[in-house]
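The primary structure of each chain is shown beneath.
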Amino acid sequence: GGGNYSLGHIHQKKSNGSKLELTDSLDFELTDIIRLENGLLQAVGYGLIMQSSDNGANWQMSSTDGDFFRAISFPNVQTGYVLGEYGSIFKTTNQGNDWQMIRNGQALFGNPSKLFRDIEFYSDTDGLIIGTNNTVMRTDNGGKTWKNIVNLVGYVDYKSIEIAYDKAFLCGNQGQLLILDLNN
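Residues numbered from 1 in each chain as written. Predicted model: local features only at pLDDT ≥ 70, side-chain atom pairs only at ≥ 80, totals over all residues. Heavy atoms only, no water.

## Focus: the overall build of the protein chain
Move 1: Helices and strands together make up the secondary structure of the protein chain, namely 0 helices and 18 strands.
Move 2: Scored against the burial criterion, the 184 residues of the protein chain give a buried share of 43%.
Move 3: In the protein chain, once contacts between residues fewer than 6 apart in sequence are set aside, the share between residues at least 24 apart is 30%.
Move 4: Working note: accessible area of the protein chain is about 9,600 Å², and carbon and sulfur atoms make up 46% of it. (Helix = DSSP H or I, 4+ residues; strand = E, 2+ residues; numbered from the N terminus. Buried < 20%, exposed > 50% of the residue type's maximum accessible area, 1.4 Å probe, protein only. Contact = heavy atoms within 4.5 Å. Areas by Shrake-Rupley, 256 points an atom, 1.4 Å probe, with all protein chains shown as cover.)

## Digging into the sheet that holds strand β5 (residues 41-45)
Move 1: Taken in spatial order, the 4 strands of this open sheet run β4-β5-β6-β7, and their pairing is antiparallel. In this open sheet, the two edge strands, each paired with only one partner strand, are β4 (30-35) and β7 (60-61).
Move 2: In this sheet, β7 lies alongside strand β6 (residues 48-52) in antiparallel orientation, the contact comprising 2 bridges. Across the sheet, Gln51 pairs through a bridge with Gln60, a residue of β7. (Pairing = 2+ DSSP bridges.)

## Describing the environment of Ser62
Move 1: Structurally, the position occupied by Ser62 is in the loop between β7 and β8 (69-73).
Move 2: With a relative accessible area of 24%, Ser62 lands in the partly exposed category.
Move 3: Residues Ser62 and Gln51, spaced 11 residues apart in sequence, show a C-alpha to C-alpha distance of 7.6 Å.
Move 4: In contact with Ser62, not counting residues within four places along its chain, are Ile49, Met50 and Trp99.
Move 5: Within the structure, the side chain of Ser62 is placed 3.0 Å from the backbone nitrogen of Thr64, a separation counted as a polar contact. (Polar contact = N/O pair within 3.5 Å; in protein donor to acceptor, adjacent residues only side chain to side chain.)

## Some points on the nonpolar core
Move 1: Leu128, Ile130, Val136, Leu152, Val156, Tyr158, Ile161, Ala168, Leu170, Leu178, Leu180 and Leu182 form the largest nonpolar core, which has 12 residues in total.
Move 2: Only β13 (127-131), β16 (158-164), β17 (167-172) and β18 (177-181) provide two or more residues apiece to this core. (Core = buried A, V, L, I, M, F, W, Y, C linked by side-chain atoms within 4.5 Å.)

## Thoughts on the packing of aromatic side chains
Move 1: Inspection of the entire model under this criterion finds 5 aromatic pairs.
Move 2: Aromatic pair Tyr46 and Phe68: ring centres 5.2 Å apart, planes at 75°, arrangement edge-to-face. Taken together, the residues Tyr46 in the loop between β5 and β6 and Phe68 in the loop between β7 and β8 connect sequence positions 22 residues apart.
Move 3: Overall, Tyr46 belongs to the partly exposed group, its relative accessible area being 38%.
Move 4: Between Phe74 and Trp99 the ring centres are 6.1 Å apart and the planes differ by 85°, which places this aromatic pair in the edge-to-face class. With Phe74 in the loop between β8 and β9 (80-84) and Trp99 in the loop between β10 (89-92) and β11 (100-103), this pair connects stretches of sequence that are 25 residues apart. In this structure, Phe74 and Trp99 share a single accessibility class: buried.
Move 5: Above the plane of the ring of Phe68 lies Arg70, whose end atom (NZ or CZ) is 4.7 Å from the centre. (Phe/Tyr/Trp six-rings, centres within 6.5 Å; stacked < 30°, edge-to-face > 60°. Lys NZ or Arg CZ within 6 Å of the ring centre and 35° of its normal.)

Structure representation (structure tokens):
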């Protein structure tokens, strides 16, 4: 959690307690977290990617920076993707120990009015990103290229993606829900 791009807080509920306890404070807002396996966590936020190998007791920051990272997705325990608000995409193939930029910010899409909000990969190569101004894009090659999904009805700022049962559920402003069949 956090706010104003500069306040990050990590709270934990201890196994013997009934309330959340503040366990860490950061100089960065946090926006997304994912649990992989055996206590391995990855979190992203304002200018940072960080990981914990002990269920969040201790955190190590990656040297990767440069965007307001909004979302993280791991289609398997080794391969993961991070999306920045301004369009940068980073990829790891070793559980987040190293990250490589695969797309550079707004150079990716050439439209500064689009802000990106979520990324979700449902295989090593297939994924979606969503954002403001009706932004819904799909890749089938691990993020090397992205294609706009067009002919969407109305105007929506999409906020989050959930994938289940071969469908993508996209939530947007004003109660909008878009369901995409991933087999088409």
